[in-house]
Amino acid sequence: MKGARDDHNVRLSLSENWGDRGGRSINHPAPSRTLEDDRHISRLMLFFAIVYVVEGIGQARVGIIYQPLTYYLKETGWTPVQVTAYFAVLNFPWIIKPVFGLVSDFVPLLGYRRKSYLIVSSLCAAASYAWIARLGDDVLRMADELVSRAEAISSSLQMVRDGRSGRLRVAAGVYVHDIAVRPAAIELIKASPSVRLELLEREWTAALAMLVMDRVDFAVLDVSALRGVPSLRVEPLGKLQGVYYCRAGHPLLKKTARRPEDVRPYPFVFSSMSREKIGLLEDIDSGFTVDSTTGDILPSIAVSSFSLGLEIVAGTDAISLGHISQLKDGIAAGRLALLDLPWRTRPPVAELGIAYKRDRTLPPVGRTLINLIRKRVRAVERS
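The structure displayed is predicted, hence computed values, not measured ones. (Residues numbered from 1 in each chain as written. Predicted model: local features only at pLDDT ≥ 70, side-chain atom pairs only at ≥ 80, totals over all residues. Heavy atoms only, no water.)

With respect to the pairing of strand β12 (residues 319-322)
Both faces of β12 are covered, namely the face carrying Ile-319 and Leu-321 and the face carrying Ser-320 and Gly-322. Examined bridge by bridge, strand β7 (residues 243-247) and β12 share three bridges and lie antiparallel to one another. By the bridge assignment for β12, Val-243 is matched with Gly-322. Note that strand β8 (residues 268-270) and β12 share two bridges and pair parallel. When the sheet's bridge partners are listed, Val-269 is paired in β12 with Ser-320. (Buried < 20%, exposed > 50% of the residue type's maximum accessible area, 1.4 Å probe, protein only. Helix = DSSP H or I, 4+ residues; strand = E, 2+ residues; numbered from the N terminus. Pairing = 2+ DSSP bridges.)

Here we look at the environment of Glu-351
Examined against the element boundaries, Glu-351 turns out to sit in strand β14 (residues 349-357). In sequence terms Glu-351 and Gly-238 are 113 residues apart; their C-alpha atoms lie 6.1 Å from each other. In this structure Glu-351 touches Leu-221, Asp-222, Val-223, Ser-224, Arg-227, Gly-238, Lys-239 and Lys-277, once residues within four positions along its chain are discounted. (Contact = heavy atoms within 4.5 Å.)

Focus: the side chain of Glu-235
Position of Glu-235 among the secondary structure elements: in strand β6 (residues 232-241). Looking at Glu-235, its side chain comes within polar contact range of the side chain of Tyr-356, at 2.8 Å. A distance of 2.8 Å separates polar atoms of two side chains, one belonging to Glu-235 and the other to Arg-367. (Polar contact = N/O pair within 3.5 Å; in protein donor to acceptor, adjacent residues only side chain to side chain.)

Remarks on helix α11 (residues 306-315)
Turning to α11, its buried residues number three or more, namely Phe-306, Gly-309, Leu-310 and Val-313. The buried residues of α11 occupy an angular sector of 105° when the element is viewed end-on, so they sit on one face. (Arc of directions from axis to C-beta.)

A look at the packing of aromatic side chains
With the rule as written, the count across this model stands at three aromatic pairs. On the basis of an interplanar angle of 70° and a centroid distance of 5.4 Å, the ring pair of Phe-47 and Phe-48 is categorised as edge-to-face. Overall, Phe-48 belongs to the partly exposed group, its relative accessible area being 44%. Ring-pair connections join several aromatic residues into one group, and the members of that group are Tyr-244, Phe-268 and Phe-270. (Phe/Tyr/Trp six-rings, centres within 6.5 Å; stacked < 30°, edge-to-face > 60°.)

Some words on helix α4 (residues 80-95)
The end-to-end C-alpha distance of α4, which contains 16 residues, comes to 21 Å, matching closely the 22 Å that a straight helix rising 1.5 Å per residue would cover. At Val-89, α4 shows its largest bend, some 30°, and a proline, Pro-93, comes one to four positions later. Among the residues of α4, Gln-82, Val-83, Phe-87 and Asn-91 are the ones counted as buried. (Expected span 1.5 Å × (residues − 1). Bend = angle between axes of the 7 residues up to and from the residue.)

Topic: the sheet that holds β14
Spatially, β4-β3-β5-β14-β6 is the arrangement adopted by the five strands of the open sheet, whose pairing is mixed. Edge strands, defined here as strands with exactly one partner in the open sheet, are β4 (196-202) and β6. Adjacent strand axes in the sheet meet at a mean angle of 15°, parallel and antiparallel pairs treated alike. Of the pairings in the sheet, the one linking β6 to β14 comprises nine bridges and is antiparallel in character. Opposite Gln-241, over in β14, you have Val-349 as the bridge partner. Across the face of the sheet, helix α9 (residues 204-212) comes into contact with β3 (167-173), β4, β5 (218-222), β6 and β14 while running at roughly 150° to β5. (Axes fitted to C-alpha atoms, helices over the stretch in contact; angles between N-to-C directions.)

Description of the nonpolar core
With 45 residues, the main nonpolar core has Phe-218, Val-220, Leu-369 and Ile-373 as its most contacted residues. Top contributing element to this core by residue count: helix α8 (residues 174-191), with eight residues. Setting aside its immediate chain neighbours within four residues, Leu-369 contacts Leu-168, Val-170, Ala-184, Ala-185, Leu-188, Leu-197 and Phe-218. Residues Leu-211, Leu-221, Val-223 and Ala-355 belong to the second largest nonpolar core, which totals 15 residues. (Core = buried A, V, L, I, M, F, W, Y, C linked by side-chain atoms within 4.5 Å.)

Here's what the structure looks like:
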């Protein structure tokens, strides 16, 4: 009986404390909230609102920035493989967030489970940005090398899967063929001996005509005049600065103060060029003409090969234009010399790029060659 009474007393005490006795409910008053509490809650709500707005704008995969960033990367010449790899690296820390959470929960750092980790991670991020800023060219070179290897492997696997390599047809302008396309093609053939290529070195008008008539998969040329062509997609490669040159011992080299009238008597050797490039020769080539059909500029001596123009300059009093990387061997051998034109305040620049039809899908081997060409152009820019 005593045990029963004790149980009854316990139950009675509990019902009094928790609000259930004799069918009546005991309501405890809610704790009062001060003005300071309201301000604290408002600050927290503002903080979380700012965090989610920033994530909604800047987060790579789900934020507002995703679509314009993807479009920008593709328009600047990034391939789908490069864009995917970029976003994969960008999202990797988010994928392993649970690991960081477990580490910070179970392994306090300097007595803290959050603050110390936030400070350390922020310092590491700042150091990484500083390292990239200091060694940016090296980082880009390593990234280009990794992407090129990955795409070369992807291209080889694609060719093995299809059971054939397919013939890739490429037209290249006179200027860029010697600088980047030919070395890139040699590198591609070494990596994939089964590849089949058709490489065509052509002057600007011919390369563009072959592209428009679908005689090539893509063209590598000066794209400054192709920006407004709606049927073409243009991927920039970079800008290369040119130099004027002549043979060693040329009569112009004896003149200390050269003027345009001193240069005009000598023929200018180069390939045809778009009307936008007329400034390269209008004051030094008295024999240039404008093609009545295409509107392109024809120098006094028009050639379709840089090596042919080089030989003409080396053996005559003609002058021409090229990149220093194309001329260094001839200069070192004493055959060629740089020709300074003091009245020109700006050096000649070629805006190189890849052009192809918007409705054309380039094969994997084409993308591999484009990346090798881009790597070569960047190497020449840095040199």
